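If you want the building blocks of each chain, they are given just below.
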Amino acid sequence: MSGTDFQGPFHRCATIVENVPVARETYRIRLADPAIAGSIRPGQFVMIRPGGDGSDDPLLGRPLALYDVVRDASGAPVAFDVVYLVIGRGTSALSRRRAGESLSIWGPLGNGFGRAPEGPAVFVAGGIGQTPFLALGRDWLQPGGPCPSATLLYGVRSADLLAGVDDFHAAGVHVEIATDDGSAGHHGFVTDLLARRLDRGERPAKVVGCGPPAMLAALARLTERHGLDCDVSLENHMACGFGACFSCVAPIRQPDGSADLRRVCVEGPVFPARGVVWS
Amino acid sequence: MVDPRVTLGRLTLPNPVLVASGTFGYVREMSTFVRLDRLGGVIPKTVTARPRAGNPTPRTVETAAGMLNAIGLDNDGIDHFVAHHLPYLRTVGAPVIANIAGEDEDQFVAMAAQLGGEPGIAAIELNISCPNVSHGLDLGVDAEAVGRLVKRVRSECPLPIIAKLTPNVTNVVPIAAAAAEAGAAAVSLINTLRGMAVDWRRRRPILAYDVGGLSGPAVKPIALRMVWDVARALPELPIIGIGGIATADDALEFLVAGASAVQVGTATFYDPTAADRMVDEIASRAAEAGVRSLREIVGTLRSNRGG
Ligand SMILES: Cc1cc2nc3c(=O)[nH]c(=O)nc-3n(C[C@H](O)[C@H](O)[C@H](O)COP(=O)(O)OP(=O)(O)OC[C@H]3O[C@@H](n4cnc5c(N)ncnc54)[C@H](O)[C@@H]3O)c2cc1C
Ligand SMILES: Cc1cc2nc3c(=O)[nH]c(=O)nc-3n(C[C@H](O)[C@H](O)[C@H](O)COP(=O)(O)O)c2cc1C
Ligand code: FES
């Protein structure tokens, strides 16, 4: 939370600037909202009601991570982007919204990622888990900062699901790809890419993961074995996004060693990988 | 100007807009969305005698115009509530109604007695209707048990007692009557309706707990009917209407059907500023209709069948 004037999270009615396909079943939506754009940090998310223009169907908001902040010519934040994969009713309704319509949204929500590490960073993404890492790459790679380089290890089922690779390149993030079907990059798991690097003796100062639980659990084991600092961003099912409903809990290890169910929307979504109790 | 104040027995509230237990966290979570001191009252999440982990996830799922939940009364217990949440609640500037659930009568009585000795609580709401915790028979479906419980709680706790009733019964009127007879200041209705959602491909219920409680716009017609049933049978008993309330018009429908106040529940999840906006909108809608005091419209609904 930069500055002392942060009053959020805010509940807003935001206008859609554009909502465009960027890969198979994947869209980038741009929402005009200076208040959220000006206060949201990498790793935080917003809740978006997908019905548009006040519609109650679908009923609940859907949690979606910050992808990028859009600035005007003077550098002032005016809008933000979210990139989403169509999964079910909510995201499919969202994909039918058009520029000029308005959406009910609230945010910024969640804790976000920590400070830039003193050394190279590796982002490990599975499926649509790459979305929080563009804003993070921009933040951590600021000139003169402690983090000299960032690499995105990006795994998807098939090449046509790759979304935003050019955005990452433009932000100075190296990208290495893995696909389940071998249609691009390494044929296999994205965690193989990290294991290979670690076997070669690389030691990133920080590893950050986002993706399906099985991938995150494998990442947690791998980084723990190598004694690396690793954070993960969890995608638990949410109803409110602001701590009121207790839908989104995950078992998190407490300082005294016990596991306690904590709300991912307020205490997360980013947790130290070691702190998560993987089932 | 409309006089927005409402009364529930000896409890006078600044306006009829309360927020429902379990849908407003411990209130502090909502402080950036809602001007808390404008609310008619706040009801934090149900507290139990001992800490409860609650149910595994998924705990909620969206359904047509509503949602199912099986949170399972996840909370840190009454001592933590008193030490950690109550000091904050005393500062919010709205009447605080604590909501408690016991595993048996003795636990309810002991918790009510403990909270009765704490300053800054306006009333106690008894959650005798949570469908997500199984310990034998649900207390809230048995009129005799409800009457006995309210009577015992009243003898140990000086605060006004509100019995929150379950809709999962064939007839709610005898249960409300038993609560009234035992001296409840009001009844609130409804809690959630038992339901389920199924993933037929996996041959599994979607909720980890299999079944859950239905809430949201889908339940509003049922809640209205139950409020009306109780209001007609027991015109002296103050009622707090709950179920799918999301707009000022929804709230006014409950008032004319017989509720003296309402609680906003699920709407907060998908419209986090709903309760805040409702406070003014109820007053302006009522003013437009020539109403001078909200109290005067409570229970004014007339039957089309000449009742
Ligand atoms: C903090 C956070 C950030 C996220 N960021 C992104 C992002 O940037 N891009 C993106 O494409 N997706 C993201 N997700 C996942 C996204 O929220 C779900 O894919 C989406 O809610 C699916 O909704 P639906 O109605 O289309 O699917 P359905 O399966 O029909 O949804 C039914 C219910 O389950 C919930 N749900 C289903 N899948 C998920 C899931 N994976 N995570 C959380 N809730 C789920 C829905 O919100 C909805 O309430 C994020 C999730 C979280 C928790
Ligand atoms: C996620 C969730 C959690 C709830 N938790 C509680 C609770 O702890 N105690 C309680 O008395 N009612 C609880 N309720 C019931 C609500 O207070 C309310 O009675 C019900 O949801 C109907 O109102 P609505 O349709 O406006 O949500 C919960 C409801 C939901 C949706
Ligand atoms: S989503 Fe409601 S508490 Fe986290």
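Small disclaimer: the values here were computed from a predicted structure and weren't measured. (Residues numbered from 1 in each chain as written. Chains lettered and ligands numbered in written order. Predicted model: local features only at pLDDT ≥ 70, side-chain atom pairs only at ≥ 80, totals over all residues.)

A separate point is the overall build of chain A. Secondary structure summary: chain A contains seven helices and 16 strands in total. Taken over the C-alpha trace, chain A has a radius of gyration of 18 Å; the compact-globule value for 279 residues is 19 Å, and the two agree within 12%. Projected onto the principal axes, the alpha-carbon positions of chain A cover approximately 50 × 45 × 40 Å. A buried classification covers 51% of the 279 residues belonging to chain A. In chain A, the proportion of contacts linking residues at least 24 apart, taken out of those at least 6 apart, comes to 64%. (Helix = DSSP H or I, 4+ residues; strand = E, 2+ residues; numbered from the N terminus. Rg over C-alpha atoms; globule rule 2.2 N^0.38 Å. Buried ≥ 20, exposed ≤ 12 C-beta atoms within 10 Å, placed from the backbone. Contact = placed C-beta atoms within 7 Å.)

Moving on, we get to the overall build of chain B. Helix and strand content of chain B: eight helices and 17 strands. Computed over C-alpha atoms, the radius of gyration of chain B comes to 18 Å, within 12% of the 19 Å expected from 2.2 N^0.38 for 307 residues, which places it in the range of a compact globule. The contacts in chain B between residues at least 6 apart in sequence include a share of 72% that link residues at least 24 apart.

Our focus in this paragraph is the sheet that holds strand E16 (residues 270–272) of chain A. The strands that make up a sheet pair up through hydrogen bonds in the backbone, lying either parallel or antiparallel. Residues and elements named next belong to chain A. What the seven strands build is an open sheet, ordered E11-E10-E9-E8-E12-E13-E16; its pairing is mixed. Looking at the sheet topology across the chains shown, the edges are occupied by strand E11 (186–187) and E16. Those strands touched by helix H3 (residues 132–140) are strand E8 (121–126), strand E9 (150–156), strand E12 (206–210) and strand E13 (230–233), and its axis lies near 170° from that of E8. (Pairing = 2+ DSSP bridges. Axes fitted to C-alpha atoms, helices over the stretch in contact; angles between N-to-C directions.)

Attention shifts here to the interface of chain B and chain A. Between chain B and chain A, the contact holds 26 residues from the first and 23 residues from the second. Of all the secondary structure elements, the ones that give two or more residues to the side of chain B that touches chain A are strand E6 (60–63), strand E7 (66–69) and helix H7 (267–270) of chain B. For the side of chain B that touches chain A, the element with the highest residue contribution is H7(B), accounting for three residues.

A separate point is the site of ligand 2. With respect to spatial proximity, 27 residues lie near ligand 2, and among them Ala20(B), Gly22(B), Ser215(B), Gly265(B) and Thr266(B) are the closest. Near ligand 2, residues from chains A and B are present, making the site a shared one. (Near = placed C-beta within 6 Å.)

Moving on: the site of ligand 1. By nearness alone, 24 residues border ligand 1, and Tyr84(A), Gly88(A), Gly90(A), Thr91(A) and Thr131(A) come closest of all. Neighbouring residues of ligand 1 are distributed over chains A and B. Every element with two or more residues in the shell around ligand 1 is listed here: strand E4 (62–65), strand E6 (77–85) and helix H2 (89–95) of chain A. Looking at the shell around ligand 1, you find at least three residues from each of domain 1 (10–109) and domain 3 (234–279) of chain A. (Domains from an automatic or database assignment.)

Here the focus is the nonpolar core. Residues and elements named next belong to chain B. Membership of the largest hydrophobic core comes to 192 residues, with the highest contact counts inside it found for Ile162, Val187 and Val227. It is helix H5 (residues 220–233) that provides the largest number of residues to this core, a total of seven residues. Residues contacting Val227, with those up to four places away along its chain left out, are Leu189, Ile239, Gly241, Phe254, Ala257, Gly258 and Ala259. (Core = buried A, V, L, I, M, F, W, Y, C linked by C-beta atoms within 7 Å.)

The next subject is the sheet that holds strand E8 (residues 97–101) of chain B. Residues and elements named next belong to chain B. One open sheet accounts for nine strands, arranged E4-E3-E17-E16-E11-E10-E9-E8-E5; its pairing is parallel. A single partner strand is all that each edge strand has here, and the edge strands are strand E4 (41–42) and strand E5 (47–48). Where E8 meets strand E9 (residues 123–127), four bridges bridge the pair, whose relative direction is parallel. Within E9, the residue paired with Ile100 across the bridge is Leu126. Sitting on the sheet, helix H2 (residues 105–116) is in contact with E8 and E9, with an inclination near 155° to E8.

A word on the domain arrangement of chain A. Residue and element names in this part refer to chain A. Looking at the assigned domains, one finds that chain A contains domain 1 (10–109), domain 2 (113–233) and domain 3 (234–279). Distance from the C-alpha centre of domain 1 to the C-alpha centre of domain 3: 24 Å. Across the contact, eight residues belong to domain 1 and seven residues belong to domain 3. Of all the elements in the fold, those that place two or more residues in the side of domain 1 that touches domain 3 are strand E3 (45–48) and strand E7 (102–109). Per-class residue counts for the side of domain 1 that touches domain 3 are six nonpolar, two polar and no charged. (Nonpolar A, V, L, I, M, F, W, Y, C, P; charged D, E, K, R; others polar.)

Attention shifts here to unusual backbone geometry. A negative phi angle characterises most non-glycine residues, just as the trans form characterises most peptide bonds. Following Gly107(A), the chain continues into Pro108(A) via a peptide bond in cis, with omega recorded as -5°. Within the element layout of this structure, Pro108(A) appears in strand E7. Here Leu189(B) and Ile190(B) are connected by a cis peptide whose omega angle stands at 20°. By the element assignment, Ile190(B) lies in the loop between strand E11 (186–189) and strand E12 (193–196). For Val27(B), which is not glycine, the phi dihedral falls at a positive 80°. As for its placement among the helices and strands, Val27(B) is situated in the loop between strand E3 (17–19) and E4. A positive phi angle is found at Leu73(B), which is not glycine, with a value near 55°. Positionally, Leu73(B) belongs in the loop between E7 and helix H1 (78–89).

It is worth spelling out the confidence of the model for chain B at this point. In regions of low pLDDT, the predicted coordinates are not meant to be interpreted in detail. Put simply, chain B has an average pLDDT of 95, and 97% of its residues get 70 or more. Scored as a whole, the predicted complex attains pTM 0.97, and scored at its interfaces, ipTM 0.96. (pLDDT = per-residue confidence, 0-100.)

Moving residue by residue along a regular strand, the side chains alternate between the two faces of the sheet. Residues and elements named next belong to chain B. For E9, the buried fraction is high: five of the five residues fall into the buried class. Two strands pair when backbone bridges link them, and E9 and strand E10 (residues 161–164) are joined in this way by four bridges, in the parallel orientation. When the sheet's bridge partners are listed, Leu126 is paired in E10 with Ala163.

We now examine the environment of Asn55(B). Structurally, the position occupied by Asn55(B) is in the loop between E5 and E6. Note: C-alpha distance between Asn55(B) and Gly183(B) (128 residues apart in sequence) is 34 Å.

When the terminal C-alpha atoms of H1(B) are compared, their 14 Å separation across twelve residues is substantially less than the 16 Å that a helix rising 1.5 Å per residue should span. Buried residues in H1(B) make contact with E5 and H2 of chain B. (Expected span 1.5 Å × (residues − 1).)

Each pair of packed helices can be described by the angle between their axes along with the distance between the axes. Residues and elements named next belong to chain B. One way to put it is that H5 packs onto helix H6 (residues 248–257) with a least axis distance of 8 Å and a crossing angle of 25°. Compared by their axis directions, H5 and H6 come out roughly parallel. In terms of crossing hand, the pair formed by H5 and H6 is right-handed. Across from Lys220, Leu224, Val227, Trp228 and Ala231 in H5, the residues of H6 making contact are Asp250, Glu253, Phe254 and Ala257. (Parallel < 35°, antiparallel > 145°, perpendicular 65-115°, else oblique. Left-handed = near helix turned anticlockwise from the far one by under 90°.)

Residues and elements named next belong to chain B. Look at helix H3 (residues 143–156) against helix H4 (residues 173–181): their axes get within 8 Å of each other, and the N-to-C directions meet at 20°. Relative to H4, the element H3 lies roughly parallel. The chirality of how H3 crosses H4 is right-handed. Mapping the contact onto sequence places Ala143, Glu144, Val146, Gly147 and Val150 in H3 and Pro174, Ile175, Ala178, Ala179 and Glu181 in H4.

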